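Chain and residue survey
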Amino acid sequence: MIARSEPTCRTCGRSLQGVQVSASRRSGTTDELGPDEPERESSDGSDLLAALLDGMDAALCAFDADGVVTHWNREAERILGWGADEAVGRRGLAGWAVRSADAEEVEGRLLSVMHAPGRQVHEFALLTKDGGRVLVRTQSAAVRGPDGKPAGVYCAFSEVHAQIDLERSIALSEALFEDASWGVVLVDVDLRPAVVNAHAARALGTGRTSVLGRPLGELLSHGVEELESALQHVLAEGAPPAPEVWVSVRAKEGEQRRCWRSGFLRLASPLAEEPVPLGVGWLFQDVTEAKQAEQEASLLRFRTQQLHRASRAAAECEDPAEAATVHLDFALAGFADHGLIDRVAGGALTDAEAEAPVRLVRVAATPSGAPGPSRLAGQAGLPVRYAEGHPALQCVERVGALRASAGAAAPEAAREWAQARQWPPDAVHALCAVLRSRGRTLGVVTFLRGAGRSAFERSDAMYAEDVAVRIASALDLAGLSDGD
């Protein structure tokens with residue numbers, strides 16, 4: 001007689017004789033049970049599957065090959081009112097979830113997907129438990145068994161209006177990032193662009209992909225601090241009022257100063273229990289031209305008021321030369337830091353006489369140190385030592401306004417530039433306007449700006465010429481009163 005060896009456990013060496021093998025009541029999988037151990041429930045994933053189905057945002061039901069309902073989740077119960085215990089096990093939908101007259105068509109369309117590739121989308125009306133009707137949109141696909149043959153159908157459905165709202169939201173997002181006529185930028189929590197539409201990419205002077213993930217400081221040279229402050233405020237506390245931010249964009253053509261009217265939206269995850277910021281939606285529109293036009297209109301109103309006030313104040317001056325300094329003082333407000341009035345030595349010149357070498361005598365000037373009103377120069381009448389080619393002399397020769405600037409020179413070089421032209425050492429930008437009255441050239445008025453101001457522009461030259469006309473009239477009157 002041959003002795004049979006007893007099976008043992010490879011890990012602990014314990015004998016496995018008498019071990020029972022029992023089938024799970026749920027799935028048919030086997031569990032090993034000891035001789036004295038009670039039978040336990042199998043953990044085969046069915047509880048996990050039920051939790052997943054019930055946690056879905058979409059309603060879901062499933063049918064076997066015979067059309068019997070095998071699955072029904074809580075979202076389906078919410079929409080139609082039928083619970084899982086009422087739905088699972090029913091054959092078809094007729095008479096309870098679909099009108100009997102429509103049942104054949106609806107079930108045929110749902111079950112036909114078992115013999116068709118991919119998914120199918122349908123819309124039809126379902127019945128609720130209280131007798132109402134709900135229009136739903138369904139997506140159905142075949143469920144195949146281990147042998148690859150159709151074993152049933154699963155169907156996910158939602159109310160049509162909810163689906164349409166979702167599609168509208170997606171379509172809106174796509175349109176904003178593709179066809180919007182204003183800039184749209186999705187900024188992450190690190191304040192770096194994550195998504196940029198075509199309009200925003202053009203405004204930033206770069207491509208849609210090259211801008212992603214880069215700090216804003218690499219795209220903007222000025223205004224980035226104000227913009228980042230607004231983005232951080234949105235992440236922390238919510239959207240502020242729509243600000244207008246002046247920025248300088250680093251473009252291939254050089255820096256471009258732009259004004260963007262911006263709006264901000266805080267983006268939070270809808271899946272988290274507490275609002276978790278995902279970033280900021282930044283929408284902006286370029287309003288540079290409108291802001292510049294607004295600023296120009298405001299500046300024009302101010303200068304017109306200054307000319308009006310200067311004329312009224314000058315009319316009260318007994319000395320015409322003093323009236324000329326009044327016009328100069330009123331013109332300096334918001335326009336320049338220094339002003340000089342030089343008169344042609346020997347009297348006014350006709351156009352023919354202006355071609356000969358000209359000498360200029362200082363009539364009035366603003367203090368070069370502390371600010372204050374213009375002062376009339378002494379009566380010595382010595383010509384100012386202007387070198388050949390000086391802007392004031394060129395202004396007389398051309399009989400028109402002339403602009404000059406030290407540009408972006410170093411402070412020491414700019415100081416030498418000003419002193420060489422007999423101007424205050426802090427002068428960086430100059431504008432000379434000829435003084436004309438009764439068809440003759442009386443002299444030159446010079447406006448000077450320091451380094452803290454921008455260079456004179458063409459609109460500034462037009463204003464300087466208006467002031468020069470009034471100063472020239474006052475000087476011409478002073479000459480007549482002196483018997484010139």
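Since we're looking at a predicted model, the values are computed, not measured.

**Let's talk about the overall build of the protein chain**
What the protein chain contains, in helices and strands, is twelve helices and 19 strands. Evaluated residue by residue, the protein chain yields a buried proportion of 38% over its 484 residues. Considering only residue pairs separated by 6 or more positions, the protein chain has 48% of its internal contacts joining residues 24 or more positions apart.

**Concerning the packing of aromatic side chains**
A full pass over the atoms with the stated rule returns nine aromatic pairs. Both rings, one in Trp260 and one in Trp282, keep their centres 6.0 Å apart while their planes meet at 55°; by these two values the pair is tilted. With a gap of 22 residues between them, Trp260 in strand 12 (residues 254-268) and Trp282 in strand 13 (residues 277-286) connect regions that are remote in the sequence. Pairwise contacts between aromatic rings join Phe335, Phe447, Phe456 and Tyr463 into one cluster. When the ring centre of Phe456 is taken as origin, the NZ or CZ atom of Arg449, which lies over that ring, is 4.0 Å away.

**Looking at the pairing of strand 5 (residues 120-127)**
By the bridge criterion, eight bridges tie strand 5 to strand 6 (residues 133-144) in an arrangement that is antiparallel. Its bridge partner lying in strand 6, Leu127 is registered against Arg133. Linking strand 5 back to strand 6 in an antiparallel pair, the connection comprises five residues, with Gly131 at a positive phi of about 95°.

**Regarding the packing of helix 8 (residues 288-314) against helix 9 (residues 320-332)**
Interaxial distance between helix 8 and helix 9 falls to 9 Å at its minimum, and their mutual angle equals 155°. Here helix 9 runs roughly antiparallel to helix 8, going by the angle between their axes. Relative to helix 9, helix 8 is oriented so that their crossing is right-handed. Of the residues in helix 9, those in contact with Gln306, Arg309, Ala310, Ser311, Ala313 and Ala314 of helix 8 are Ala323, Val326, His327 and Phe330. For the contact of helix 8 with helix 9, a count of residues per class yields six nonpolar, three polar and one charged.

**Focus on the pairing of strand 11 (residues 244-251)**
In this structure, strand 10 (residues 220-222) lies alongside strand 11, joined through two bridges in antiparallel fashion. Bridging from a neighbouring strand, Leu220 pairs with Val249 of strand 11. Bridge count between strand 11 and strand 12: eight bridges; the pairing is antiparallel. What sits directly across from Val249, in strand 12, is Gln256.

**Thoughts on the sheet that holds strand 5**
One open sheet accounts for five strands, arranged 4-3-7-6-5; its pairing is antiparallel. The open sheet has two free edges, formed respectively by strand 4 (69-72) and strand 5, since each of these has just one partner strand. Direction aside, neighbouring strands of the sheet carry axes that sit 30° apart on average. Taken strand by strand, helix 4 (residues 100-111) contacts strand 3 (59-64), strand 5, strand 6 and strand 7 (150-159), and its axis lies near 150° from that of strand 5.

**Things to note about the layout of surface pockets**
In this structure, the largest pocket spans a volume of roughly 640 Å³. Every residue lining the largest pocket is counted, 19 residues in all, and those nearest its centre are Leu299, Arg303, Glu457, Ser459 and Asp460. Mapped onto the lining of the largest pocket, the elements with two or more residues apiece are helix 8 and helix 12 (458-481). At eight residues, the largest contribution of residues to the lining of the largest pocket is made by helix 8. Residue classes in the lining of the largest pocket are distributed as six nonpolar, six polar and seven charged.

**Notes on the nonpolar core**
In terms of nonpolar packing, the biggest core is built from 30 residues, with Phe335, Ile341, Leu435, Val445, Phe447, Ile471 and Leu475 touching the most fellow members. Of all the secondary structure elements, the ones that give two or more residues to this core are helix 8, helix 9, strand 15 (360-365), strand 18 (429-437), strand 19 (440-449) and helix 12. Excluding residues within four positions of it along the chain, Ile341 makes contact with Ala324, Leu328, Val361, Arg362, Val363, Ala364, Leu435, Val444, Val445, Ile471 and Leu475.

**What to know about the environment of Val88**
Turning to its location among the elements, Val88 is positioned in the loop between helix 3 (84-87) and helix 4. Relative accessible area serves as the criterion here: at 40%, Val88 is assigned to the partly exposed category. Distance from Val88 to His71, taken between C-alpha atoms, is 6.1 Å for residues 17 residues apart in sequence. If we skip the residues at most four places from it in the chain, Val88 touches Val69, Thr70, His71 and Trp72.

**Examining the environment of Tyr386**
Residue position: Tyr386 is located in the loop between strand 16 (375-376) and helix 10 (391-398). The exposure class of Tyr386 is buried, given its relative accessible area of 12%. In this structure, the C-alpha to C-alpha distance between Tyr386 and Arg421, residues 35 residues apart in sequence, is 6.5 Å. Apart from the residues within four sequence positions on either side, Tyr386 is in contact with Asp342, Leu360, Arg362, Ala392, Leu393, Arg421 and Gln422. Among the polar contacts made by the side chain of Tyr386, one reaches the side chain of Arg362 at a distance of 2.9 Å.

**Considering helix 10**
Where helix 10 is concerned, the buried positions are Pro391, Ala392, Leu393, Cys395 and Val396. As for helix 10, its buried residues are in contact with strand 15, strand 17 (402-405), strand 18 and strand 19. Downstream of helix 10 by one or two residues, Val399 has phi in the positive range, about 55°.

**Remarks on the pattern of salt bridges**
All told, the structure shown has 18 salt bridges when counted by the stated rule. The closest approach of N and O atoms between Asp476 and Arg440, which form a salt bridge, is 3.2 Å. In this pair, Asp476 is assigned in helix 12 and Arg440 in strand 19, connecting sequence segments 36 residues apart.

Analysis parameters
- Residues numbered from 1 in each chain as written.
- Predicted model: local features only at pLDDT ≥ 70, side-chain atom pairs only at ≥ 80, totals over all residues.
- Heavy atoms only, no water.
- Helix = DSSP H or I, 4+ residues; strand = E, 2+ residues; numbered from the N terminus.
- Buried < 20%, exposed > 50% of the residue type's maximum accessible area, 1.4 Å probe, protein only.
- Contact = heavy atoms within 4.5 Å.
- Phe/Tyr/Trp six-rings, centres within 6.5 Å; stacked < 30°, edge-to-face > 60°.
- Lys NZ or Arg CZ within 6 Å of the ring centre and 35° of its normal.
- Pairing = 2+ DSSP bridges.
- Axes fitted to C-alpha atoms, helices over the stretch in contact; angles between N-to-C directions.
- Parallel < 35°, antiparallel > 145°, perpendicular 65-115°, else oblique.
- Left-handed = near helix turned anticlockwise from the far one by under 90°.
- Nonpolar A, V, L, I, M, F, W, Y, C, P; charged D, E, K, R; others polar.
- 1 Å grid on protein atoms, 1.4 Å probe; cavity = no way out; pocket = protein on both sides within 12 Å on 5 of 7 lines; lining within 4 Å.
- Points joined across faces, edges and corners; volume = space filled by probe spheres on them.
- Core = buried A, V, L, I, M, F, W, Y, C linked by side-chain atoms within 4.5 Å.
- Polar contact = N/O pair within 3.5 Å; in protein donor to acceptor, adjacent residues only side chain to side chain.
- Salt bridge = Lys/Arg side-chain N within 4 Å of Asp/Glu carboxyl O.

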